[in-house]
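A structural walkthrough
Residue strings, one per chain:
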Amino acid sequence: GGVSRESNRPRGDGSIGALAGAEQIYVLPAGWLDAMWWSPVQLENLRTILDTVKRTYNVDENRVVVSGVSDGGTGAYYIAMRETTPFASFLPLNGYLLVLAARDIDDGLIFANNLRAKPIFAVNGGRDPLYPTRIVDPTIEQMQRGGVSVDYHPQPNAAHNTSWWPEVKDTFEAFVRDHPRVPLPDTLTWEVGNSV
């Protein structure tokens, strides 16, 4: 999260902290004012990071996922629509897809149909002042009606935080385990922009 921060310095001690789950490799890139999660520079950043991690560690390429909290969650939606191939699933936490519809963000290359390419696990809070479930729910429902595989976990009493993590952690980890990447899917749908 945190795209309005002035620098890319790590928050706190730079660790995954309370959101730690199964034993795995955690990569915590930073978003900030000059490199928001919904920008081509961050897509390139993630490509480079993923390439470096794969060259350094024995990574199961079918188990790489993208998750983020707040702006990072919204960024997970962006990455799902623009750079889905390397990832098994997307797990936006306290994010909101429609932030990406803002004029200063939507570059004409964001296509919601591309969300159908991979499963999504989403969590939002009912008392979240930014993206409350009453605002997010209709978007999630529309995505599901449109063929997007969304495993949605609204947290009625949660604010814009991850206080719900202890209750959701096992379900989150099971979702990741149960949704490996299918490198050669039976069908493929991908929408791109028009060339001028």
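Everything below is about the structure shown above.
Residues numbered from 1 in each chain as written. Predicted model: local features only at pLDDT ≥ 70, side-chain atom pairs only at ≥ 80, totals over all residues. Heavy atoms only, no water.

This part is about a nonpolar patch on the surface. On the surface, a nonpolar cluster with roughly 290 Å² of combined accessible area is contributed by Ile25, Val27 and Tyr57. Along the chain, Ile25 falls in the segment before helix H1 (40–56). The class of Ile25 is partly exposed, set by a relative accessible area of 46%. (Patch = residues over 30% accessible without salt bridge, like charges linked within 9 Å, V, L, I, M, F, W, Y side chains within 5 Å. Areas by Shrake-Rupley, 256 points an atom, 1.4 Å probe, with all protein chains shown as cover. Salt bridge = Lys/Arg side-chain N within 4 Å of Asp/Glu carboxyl O. Helix = DSSP H or I, 4+ residues; strand = E, 2+ residues; numbered from the N terminus. Buried < 20%, exposed > 50% of the residue type's maximum accessible area, 1.4 Å probe, protein only.)

Bringing the layout of surface pockets into the picture now. Of the pockets and cavities examined, the second largest pocket occupies roughly 460 Å³. As for the second largest pocket, its lining consists of 21 residues, of which Ala117, Lys118, Pro185, Thr187 and Leu188 are closest to the centre. Of the residues assigned to the lining of the second largest pocket, the class counts are 10 nonpolar, five polar and six charged. (1 Å grid on protein atoms, 1.4 Å probe; cavity = no way out; pocket = protein on both sides within 12 Å on 5 of 7 lines; lining within 4 Å. Points joined across faces, edges and corners; volume = space filled by probe spheres on them. Nonpolar A, V, L, I, M, F, W, Y, C, P; charged D, E, K, R; others polar.)

This part is about the pattern of salt bridges. Note that side chains of opposite charge can pair when their charged atoms are close. The final tally for this structure, using the stated rule, is five salt bridges. Among the ionic pairs, Glu44 bridges to Arg47, the shortest N-O distance being 2.8 Å. Of this pair, Glu44 and Arg47 both sit in helix H1, three residues apart, roughly one helical turn. Relative accessible area serves as the criterion here: at 41%, Glu44 is assigned to the partly exposed category. Owing to a relative accessible area of 37%, Arg47 belongs among the partly exposed residues under this scheme. Between Arg55 and Asp51 there is a salt bridge, and its shortest N-O distance comes to 2.8 Å. Note that Arg55 and Asp51 are positioned in helix H1 at a spacing of four residues, about one turn of the helix. By relative accessible area, which is 69% here, Arg55 ends up exposed. Connected through salt bridges with shared partners, the residues Glu44, Arg47 and Glu83 form a single ionic network.

Once that is clear, we can look at the sheet that holds strand E4 (residues 150–155). Sheet strands associate in pairs through backbone hydrogen bonding, adopting either a parallel or an antiparallel arrangement. Here we have four strands laid out as an open sheet, ordered E1-E2-E3-E4, and parallel in their pairing. What marks the edges here is a single partner per strand, and that holds for strand E1 (65–69) and E4. The mean angle between the axes of side-by-side strands here comes to 10°, regardless of whether they run parallel or antiparallel. Sheet topology places E1 next to strand E2 (residues 89–93); five bridges connect them, and they run parallel. Residue pairing across strands places Gly68 opposite Pro92, the latter belonging to E2. Along the sheet, helix H3 (residues 133–145) contacts strand E3 (120–125) and E4; its crossing angle with E4, the most-contacted strand, is approximately 165°. Where helix H4 (residues 165–178) meets the sheet, it contacts E1, E2, E3 and E4, and its direction lies at approximately 160° from that of E3. (Pairing = 2+ DSSP bridges. Axes fitted to C-alpha atoms, helices over the stretch in contact; angles between N-to-C directions. Contact = heavy atoms within 4.5 Å.)

The next thing to look at is the environment of Thr171. Positionally, Thr171 belongs in helix H4. For the pair Thr171 and His153, spaced 18 residues apart in the sequence, the C-alpha separation amounts to 9.4 Å. Residues in contact with Thr171, not counting those within four places in the same chain, are Phe121 and His153.

So, about unusual backbone geometry. The phi torsion at Ser70 lies on the positive side, around 65°, for a residue other than glycine. Take Ser70: it is sitting in the loop between E1 and helix H2 (71–82). Ser70 gets classed as buried once you look at its relative accessible area, which sits at 16%.

What follows covers the environment of Gly95. Note on placement: Gly95 falls in the loop between E2 and E3. Looking at Gly95, the relative accessible area reads 2%, which means it is buried. Separated by 37 residues in the primary sequence, Gly95 and Pro132 have C-alpha atoms spaced 9.8 Å apart. Discounting residues that sit within four places of it in the chain, Gly95 has contacts with Ser70, Gly73, Thr74, Tyr77, Asn124, Tyr131 and Val136.

Moving on to the pairing of E4. The pairing of E3 with E4 spans six bridges and is parallel. Note on E4: the bridge partner recorded for Asn124 is Pro154. Running through H3, the crossover from E3 to the neighbouring parallel element E4 is right-handed. (Right-handed = clockwise from strand over helix to strand, strands pointing away.)

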